[in-house]
Amino acid sequence: DSGVTQTPKHLITATGQRVTLRCSPRSGDLSVYWYQQSLDQGLQFLIQYYNGEERAKGNILERFSAQQFPDLHSELNLSSLELGDSALYFCASSAGGEGNYEQYFGPGTRLTVT
Amino acid sequence: DAKTTQPNSMESNEEEPVHLPCNHSTISGTDYIHWYRQLPSQGPEYVIHGLTSNVNNRMASLAIAEDRKSSTLILHRATLRDAAVYYCIRCWGGGFKTIFGAGTRLFVKA
């Protein structure tokens, strides 16, 4: 158990809909990361927050947005969903926001868009 | 190009050492090298990371070439529980600078 929790575990929704994925980091960790893992694209970094502020952006679509709240939990919002958004979404956390900190991953949310 | 290059798969016998190579020839001076592994149906798990010097922890050792263009993850005694996909990643500032590659799938034979 990494200490990172993600809800829900599974989500099935239709194209065009909007969903919110939630992540609670390990106790004391200030940084949260979001990743997407699909069969044909591998694991892709989406976005990072550090202590409530956006720190780095990866291949995140404009239809996706995220935020980190004062209690440090984070939410990833996916809108206008397409079939290709079906994937595993992982959240990770680290104590700091720099490259010398190890990341701890949650169990993931499996999103299925039908 | 921020990609790292790893062999698609490797095989080892149980209780033997395993050396998993990674090429990161375009690495810059401030990039850390991280290794993660992913077991089926689980999120990636941190293994080890380093900058220039070789590193050891309870899970593995990381040997970094002097020019930092390559590194090797060493599992000293492979167990069946070590069968997983191993990812080598460059990490700078926020997040991971590179897209995760396909990683190396390690098979461990009893």
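Residues numbered from 1 in each chain as written. Chains lettered and ligands numbered in written order. Predicted model: local features only at pLDDT ≥ 70, side-chain atom pairs only at ≥ 80, totals over all residues. Heavy atoms only, no water.

A. Highlighting the overall build of chain B. Across its full length, chain B carries zero helices and nine strands. Walking chain B from its N terminus toward its C terminus, one meets helices and strands in the order β-β-β-β-β-β-β-β-β. Computed over its C-alpha atoms, the radius of gyration of chain B comes to 13 Å, within 12% of the 13 Å expected for a compact globule of 110 residues. Counting only C-alpha atoms, chain B reaches 40 × 30 × 20 Å along its principal axes. The proportion of buried residues among the 110 residues of chain B is 46%. In chain B, the share of contacts with a sequence separation of at least 24, taken over all contacts with a separation of at least 6, comes to 56%. Carbon together with sulfur atoms contributes 48% to the accessible area of chain B, which is approximately 5500 Å² in total. Distance between charge centroids for chain B: 5 Å, based on 11 positive and 10 negative side chains. (Helix = DSSP H or I, 4+ residues; strand = E, 2+ residues; numbered from the N terminus. Rg over C-alpha atoms; globule rule 2.2 N^0.38 Å. Buried < 20%, exposed > 50% of the residue type's maximum accessible area, 1.4 Å probe, protein only. Contact = heavy atoms within 4.5 Å. Areas by Shrake-Rupley, 256 points an atom, 1.4 Å probe, with all protein chains shown as cover. Lys, Arg positive; Asp, Glu negative; His and termini not counted. Charge placed at Lys NZ, Arg CZ, Asp CG, Glu CD.)

B. Broad picture of unusual backbone geometry. The linkage connecting A:Thr7 with the following residue, A:Pro8, adopts the cis geometry, with an omega of -10 degrees. Phi is positive for A:Asn51, which is not a glycine, with a value near 50 degrees. Within the secondary structure, A:Asn51 is located in the loop between strand S5 (42-50) and strand S6 (53-57). Even without being a glycine, B:Glu15 presents a positive backbone phi close to 70 degrees. Mapped onto the secondary structure, B:Glu15 falls in the loop between strand S1 (9-13) and strand S2 (18-23).

C. Spatial organisation of the side chain of A:Thr13. Residues and elements named next belong to chain A. Following the sequence through the fold, Thr 13 ends up in strand S2 (residues 10-13). Residue class for Thr 13 comes out buried when judged on its relative accessible area of 14%. In this structure, Thr 13 is in contact with Val 19, Leu 81, Leu 111, Thr 112, Val 113 and Thr 114, ignoring residues within four places of it in sequence.

D. Spatial organisation of the sheet that holds strand S8 (residues 84-91) of chain B. Residues and elements named next belong to chain B. Reading across from one edge, S1-S9-S8-S3-S4 is the order of the five strands in this open sheet, with mixed pairing throughout. Strands at the two margins of the open sheet, each flanked by one partner only, are S1 and strand S4 (45-50). The sheet shows a mean angle of 25 degrees between the axes of neighbouring strands, direction not considered. The pairing of S8 with strand S9 (residues 104-109) spans three bridges and is antiparallel. If you follow Val 85 over to S9, its bridge partner there is Arg 105. (Pairing = 2+ DSSP bridges. Axes fitted to C-alpha atoms, helices over the stretch in contact; angles between N-to-C directions.)

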